[in-house]
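The lines below spell out each chain.
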Amino acid sequence: MPDTDMDYTIVLPEPALQGCQWDQQREPVVILLGWGGCKDKNLEKYSSIYHQEGCVVIRYTAAWRTVFFAESFGLSSLREQARRLLELLYDYEIDQNPIVFHVFSNGGFMLYRYMVELLHSHRQFGRLHVVGTIFDSAPGNRNVLGSVRALSTVLRPRTSPPLRYLALLLFAVLVFILRVLLYPATRFLHENHYDAMKSDPSLWPQLYLYSHSDAIIAHRDIENMVDSRRRRRLPTRSVAFENSEHVCHYRRYPESYAAICRSFLRDCVVKASRSAFSSEIPSF
């Protein structure tokens, strides 16, 4: 039975769209992993991109406290949620369908990291047919200032200014000590998500959507990850948008963003069985 304890949303294709361009029994499954502090209504607009293509869409966002505190301080709190998300594919009997991940910011990236590890280490999950991943405004690498800005955005509507400033100060100090100063000595206990994914063995295509105007995730971190994958000759694309803020590329460039995602989805599903993946996507 589907996991009723997890606060996820699943959207099935409309009968009129079902099988419109895919195998009617194996429509693509798109898994949206939201950013820290994201609400399901924020993901719903992204969901519509794929729903209109006749896809099954699963939306999930990890609790912001887990993203900003537990994971930032080196606790692998999202690993169990990653496992339960993958098990949903079996619960809904869509484990034979092609799967595409759409990952937002470091909050989604942290969860994705554990899902990838499970896909490559567990026989059950290794049979799943992942065909591509899209990263929106991710990943970032030990950017304390960006993390503080992101947490401030989440706390602003929830806390009074004095309490928010105190929480941000404590958060910045602890993250700097634990994840920057002490990280070389503690890396063997819990490698950070960015470093772990630089050696990601996944062979499926990846697309990185980002902007030089992002004040939370440094564009250099994303470009370094792209370069790292390309040096290993893994199928990797990237699109740098102009003047769009963190996880706001779709809001600023809705038509371009949606077209890029749909094109990538179709390429991944259609070409999944081929070794070549050389199609180019222009920058906007």
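Above this text sits the structure in question.
Note that the structure is a prediction, hence the values are computed from the model and not measured.

Thresholds applied
- Residues numbered from 1 in each chain as written.
- Predicted model: local features only at pLDDT ≥ 70, side-chain atom pairs only at ≥ 80, totals over all residues.
- Heavy atoms only, no water.
- Helix = DSSP H or I, 4+ residues; strand = E, 2+ residues; numbered from the N terminus.
- Buried < 20%, exposed > 50% of the residue type's maximum accessible area, 1.4 Å probe, protein only.
- Core = buried A, V, L, I, M, F, W, Y, C linked by side-chain atoms within 4.5 Å.
- Salt bridge = Lys/Arg side-chain N within 4 Å of Asp/Glu carboxyl O.
- Expected span 1.5 Å × (residues − 1).
- Patch = residues over 30% accessible without salt bridge, like charges linked within 9 Å, V, L, I, M, F, W, Y side chains within 5 Å.
- Areas by Shrake-Rupley, 256 points an atom, 1.4 Å probe, with all protein chains shown as cover.

Visitor: Any details on the side chain of Thr61? Residues and values, ideally.
Guide: Position of Thr61 among the secondary structure elements: in the loop between β3 (56–60) and α2 (64–70). Since its relative accessible area comes to 19%, Thr61 is described here as buried.

Visitor: Describe the nonpolar core, with residues and values.
Guide: In this structure, Leu33, Leu89, Phe101 and Tyr112 are the most contacted members of the largest nonpolar core, which totals 55 residues. Ranked by residue count, the leading element in this core is helix α4 (residues 105–121), at nine residues. In this structure, Val30, Cys38, Ile49 and Val131 belong to the second largest nonpolar core, which totals 30 residues.

Visitor: Mind laying out the pattern of salt bridges, listing which residues take part and the relevant values?
Guide: Close approach of charged atoms lets side chains of opposite charge pair. Considering all chains together, one arrives at nine salt bridges under this definition. Put simply, Asp40 and Arg59 hold a salt bridge, and the shortest N to O gap is 2.8 Å. Taken together, the residues Asp40 in helix α1 (residues 40–51) and Arg59 in strand β3 connect sequence positions 19 residues apart. Since its relative accessible area comes to 33%, Asp40 is described here as partly exposed. Of the residues examined, Arg59 reaches a relative accessible area of 6% and is grouped as buried.

Visitor: Any chance you could break down α4 for me, citing the residues and the numbers?
Guide: Across its 17 residues, α4 extends 24 Å between first and last C-alpha, which sits within 8% of the 24 Å expected from 1.5 Å per residue. Most of α4 sits out of view: 13 of its 17 residues are buried.

Visitor: Provide a residue-level description of a nonpolar patch on the surface, including the pertinent values.
Guide: A cluster of nonpolar side chains, contributed by Leu169, Val173, Phe176 and Ile177, occupies part of the molecular surface with about 340 Å² of accessible area. With respect to the secondary-structure elements, Val173 resides in helix α7 (residues 161–181). Relative accessible area serves as the criterion here: at 40%, Val173 is assigned to the partly exposed category.

None of this, on its own, says anything about what the molecule does.
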